[in-house]
Amino acid sequence: MGVKRETLNNGRVLKILIEEFANDRTKDNLIPVLHCLRDSFVWIPGTMRMSNDDAEKFINSRAGDTITTNNVMKFEPDILQNGENKFYPVFSSVEEMGEYGNKFSKVERHFLEAMSYANGKKETVGIVVNAFSVPFIVPKEWFDIIASFPTNVDED
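Novice: Please explain the pattern of salt bridges as it appears in this structure.
Specialist: A side chain of one charge can pair with a side chain of the opposite charge when the charged atoms of the two come close. As enumerated under the stated definition, the model contains four salt bridges in all. Two residues, Glu-96 and Lys-15, come together in a salt bridge whose shortest N-O distance is 3.0 Å. Within this pair, whereas Glu-96 is found in the loop between strand 5 (85-90) and strand 6 (105-110), its partner Lys-15 is found in helix 2 (residues 12-23), the two being separated by 81 residues in sequence. The exposure class assigned to Glu-96 is buried, which follows from its relative accessible area of 10%. Since its relative accessible area comes to 31%, Lys-15 is described here as partly exposed.

Novice: Any chance you could explain the nonpolar core here in plain terms?
Specialist: Generally speaking, soluble globular proteins have nonpolar side chains that are buried together. Counting residues in each nonpolar core, the largest one holds 26 residues, and the members touching the most others are Leu-37, Val-90, Phe-111, Ile-127, Val-129, Phe-136 and Val-138. Elements with a contribution of two residues or more to this core: helix 2, helix 3 (27-39), strand 2 (41-49), strand 5, helix 5 (111-120), strand 7 (124-129), strand 8 (136-139) and helix 6 (143-148). Considering every element that reaches this core, the biggest residue donor is helix 3, with five residues. With residues near it in sequence (within four places) discarded, Phe-111 still touches Leu-37, Ser-40, Phe-41, Val-42, Val-90, Ile-127, Val-129, Val-138 and Ile-146. Judged by nonpolar contacts, the second largest core, of eight residues, contains Phe-87, Phe-91, Val-128 and Ala-131.

Novice: Please clarify how the sheet that holds strand 5 should be interpreted in this entry.
Specialist: In a beta sheet, neighbouring strands are held together by backbone hydrogen bonds and run either parallel or antiparallel to one another. If you trace the four strands from one edge of the open sheet to the other, you get 4-5-7-8, paired in mixed fashion. Among the strands making up the open sheet, the edge pair consists of strand 4 (80-82) and strand 8. On average, each strand axis in the sheet is inclined to that of its neighbour by 40°, with strand direction left out of account. Judged from the four bridges that link them, strand 7 and strand 8 form a sheet pairing that is antiparallel. Paired with Val-128 across the two strands is Ile-137, which belongs to strand 8.

Novice: In this structure, what is going on with the packing of aromatic side chains? I would like to understand it.
Specialist: Geometry of an aromatic ring pair is reported as the spacing of the ring centres plus the angle between the planes. Tallied over the full model, the rule gives seven aromatic pairs. Taking 5.9 Å as the distance between ring centres and 45° as the angle between the ring planes, the aromatic pair formed by Phe-91 and Tyr-100 counts as tilted. The burial state of Phe-91 is the same as that of Tyr-100; both residues are buried. Ring geometry for Phe-91 and Phe-132: centres 6.0 Å apart, planes at 20°, overall stacked. Residue Phe-91 is located in the loop between strand 5 and strand 6, and its partner Phe-132 is located in the loop between strand 7 and strand 8; the two are separated by 41 residues in the primary sequence. Owing to a relative accessible area of 0%, Phe-91 belongs among the buried residues under this scheme.

Criteria and thresholds
Residues numbered from 1 in each chain as written. Predicted model: local features only at pLDDT ≥ 70, side-chain atom pairs only at ≥ 80, totals over all residues. Heavy atoms only, no water. Salt bridge = Lys/Arg side-chain N within 4 Å of Asp/Glu carboxyl O. Helix = DSSP H or I, 4+ residues; strand = E, 2+ residues; numbered from the N terminus. Buried < 20%, exposed > 50% of the residue type's maximum accessible area, 1.4 Å probe, protein only. Core = buried A, V, L, I, M, F, W, Y, C linked by side-chain atoms within 4.5 Å. Contact = heavy atoms within 4.5 Å. Pairing = 2+ DSSP bridges. Axes fitted to C-alpha atoms, helices over the stretch in contact; angles between N-to-C directions. Phe/Tyr/Trp six-rings, centres within 6.5 Å; stacked < 30°, edge-to-face > 60°.

In short, the description is geometric, and any link to function would need to be established separately.
Rendered as structure tokens:
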């Protein structure tokens, strides 16, 4: 028996599982976190990048104007550093970002997609979930394990 998508949507279940693991760092508490990550959507902070021409259009526009960009806008996720290690930060909810999130644009993506982004960043050693409350580190070595789990989400 699986879980309904709505149960995972607000990030509360993921947050609770991470807190349980932080309080009792056992395999019995780790596996549910990894399974939940496999099926979760997370929030990613970053910066929207656009060409100088398109940025000038926005700067020179007035309230109510419709702006069409000529070039592709690109979302660049933020990177957090702890000592020598760099992490791709994701959050179970927008609220988990706290004031840090106020400096960034935010996108919601499936955790498997976040793993793909993090894999593309050679300088990162993994993902940190909820970096500013109860952080949970997912080393890149765990990515294939998480991706291999079957989904627990009932699509009915």
